[in-house]
Amino acid sequence: MLQNVAVALLDGVTPFELGVVCEVFGTDRSDDGLPVYDFAVASAEGPALRMASGLSLRVEHGLERLETADLIAVPAGDGYSTRTFPPELLEALRRGVDRGARVLSVCSGVFVLAAAGLLDDRRCTVHWKHARELAVRYPRVVVEPDVLYVDEDPVITSAGTAAGIDACLHLVRKEQGSEVANKIARRMVVPPHRDGGQAQYIERPLPHSEADTIGEVLAWMERHLDEEVTVEQLAARALMSPRTFARRFQQETGTTPYRWVLRQRVLLAQRLLEATDETMDAIAGRTGFGNAATLRHHFVRSVGTTPHAYRRTFRGPEAA
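Residues numbered from 1 in each chain as written. Predicted model: local features only at pLDDT ≥ 70, side-chain atom pairs only at ≥ 80, totals over all residues. Heavy atoms only, no water.

In the nomenclature of an unreviewed UniProt entry, the chain is known as Helix-turn-helix domain-containing protein of Streptomyces dubilierae.

Chemist: Account for helix α10 (residues 257–275), with residues named and values stated.
Modeler: In a regular helix each residue adds 1.5 Å, so 19 residues correspond to 27 Å; α10 covers 27 Å between its end C-alpha atoms and thus fits that length. Taken as a whole, α10 has its buried residues at Pro257, Trp260, Val261, Gln264, Arg265, Val266, Leu267, Leu268, Ala269, Gln270, Leu272 and Leu273. Its buried side turned inward, α10 meets α7 (215–223), α8 (231–237), α9 (242–253), α11 (280–287), α12 (292–303) and α13 (307–315). (Helix = DSSP H or I, 4+ residues; strand = E, 2+ residues; numbered from the N terminus. Expected span 1.5 Å × (residues − 1). Buried < 20%, exposed > 50% of the residue type's maximum accessible area, 1.4 Å probe, protein only. Contact = heavy atoms within 4.5 Å.)

Chemist: Could you give an account of the sheet that holds strand β2 (residues 38–43), with specific residues and numbers?
Modeler: The 6 strands are arranged β2-β1-β5-β6-β10-β9 in an open sheet whose pairing can be described as mixed. Taken across any chain shown, the strands that pair with only one partner, and hence form the sheet edges, are β2 and β9 (149–152). Neighbour-to-neighbour, the strand axes of the sheet open up by a mean angle of 15°, direction not taken into account. Where strand β5 (residues 71–74) lies against strand β6 (residues 102–105), 4 bridges are found, and the strand directions are parallel. Within β6, the position partnered with Leu71 by the bridge is Arg102. (Pairing = 2+ DSSP bridges. Axes fitted to C-alpha atoms, helices over the stretch in contact; angles between N-to-C directions.)

Chemist: I'd like a description of α7, backed by residues and values.
Modeler: What α7 keeps buried is the set Val217, Leu218, Trp220 and Met221. End-on, the buried residues of α7 take up no more than an arc of 160°, which puts them together on one face. Exposed side of α7, more than 90 degrees from the buried face: Glu216 and Arg223 are the residues found there. Packing partners of the buried residues in α7 comprise α8, α9 and α10. (Arc of directions from axis to C-beta.)

Chemist: Could you give me a rundown of the side chain of Arg102, with the residues and numbers involved?
Modeler: Inspection of the secondary structure puts Arg102 in strand β6. Arg102 sits in the buried class, given a relative accessible area of 14%. At a separation of 3.0 Å, a polar atom in the side chain of Arg102 contacts the side chain of Glu175. (Polar contact = N/O pair within 3.5 Å; in protein donor to acceptor, adjacent residues only side chain to side chain.)

Chemist: Break down unusual backbone geometry for me, citing the residues and quoting the values.
Modeler: Here the amide bond leading from Asp153 into Pro154 is cis, since omega sits at 15°, within 30 degrees of zero. Among the secondary structure elements, Pro154 is positioned in the loop between β9 and β10 (155–158). Although it is not a glycine, Ser53 sits at a positive phi angle of roughly 70°. Tracing the chain through its elements places Ser53 in the loop between β3 (48–50) and β4 (56–58). With relative accessibility at 69%, the residue Ser53 sits in the exposed group. Although it is not a glycine, Val189 adopts a positive phi angle of roughly 60°. Take Val189: it is sitting in the loop between α6 (178–188) and α7.

Chemist: Explain the environment of Thr125 to me, and be specific about the residues and the numbers.
Modeler: Secondary-structure assignment places Thr125 in the loop between β7 (123–124) and α4 (131–137). Counting along the chain gives 17 residues from Thr125 to Val142, while the straight-line C-alpha distance between them is 8.3 Å. In this structure the side chain of Thr125 is engaged in a polar contact, spanning 2.7 Å, whose partner is the backbone oxygen of Glu144. A polar atom in the side chain of Thr125 sits 3.5 Å from the backbone oxygen of Val147.

Chemist: Account for the pattern of salt bridges, with residues named and values stated.
Modeler: Once the charged atoms of two side chains with opposite charge are near each other, the side chains can pair. Under the definition given, this model contains 19 salt bridges. Arg187 is the salt-bridge partner of Asp31, the closest N and O atoms lying 3.4 Å from each other. With Asp31 in the loop between α1 (15–25) and β2 and Arg187 in helix α6, this pair connects stretches of sequence that are 156 residues apart. For Glu228, the salt bridge identified is with Arg265, shortest N-O distance 3.6 Å. With Glu228 in the loop between α7 and α8 and Arg265 in helix α10, this pair connects stretches of sequence that are 37 residues apart. Judged by relative accessible area, Glu228 falls into the exposed class, the value being 63%. Connected through salt bridges with shared partners, the residues Arg102, Asp151, Asp153, Lys174 and Glu175 form a single ionic network. (Salt bridge = Lys/Arg side-chain N within 4 Å of Asp/Glu carboxyl O.)

As structure tokens, this is what we get:
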């Protein structure tokens, strides 16, 4: 049952990510027939906490409040990706999981769960800017950087900022049904479920290659993404045999010519969807996909959402 919710706070907690958990679980919506949670915030570092953005917070409860919680949430905070955490908090999180509670992190709160060992050999996610750092600092953690949240019951992790709403509503939906989750979402004026994943928000600029021997060919390929070319043609431009070119390409880019071109075409399509009103067929032509159906197929596989949905996300519904 999901009835008792506690939020574990540290110095530097960020207001929005804390507010996400408070809004979903700490707001009384009984007038709409929605459940009321036994909700509290608890500090791991004393009653007076400094928050990001120059705010301060007085907290009534200490870590003892976590001992009865069905859900322990850990929101993001400044410097969480590099700081150490109180051993008492890490032990409290481990005890919570051992007795059957769930833990949920928002954005960089995942570093607390990782430090407690709760993510060892588990999948998780985090804001895309922290994904590599998390994987390097905690090599046993399986980081999925493209999704909005990961449910590895009893551990739930969310990506950056607003993805915490998605994770919280997912848990409500899982425990108390779609009707309750949808009603909470309507009161919050947010979608009960978002299409796509975090991949659509990751900024991946068109690269400027520093490759040693195929740099000129890569630059030519970037300028001619709308053209179909073969490895043999590219090898001729590089004055190499096809076999040597393919080997050098893999060594200097880490991928094959086909996959490199495919990724750059998707990146270009993202830029055109964000910045122009061109039709899907026109964008498909400019990016080398040929037609809107092929564009949609590769775009969904790479970005996790459709071109139309991507354009609505970044330009508004009138642009779709």
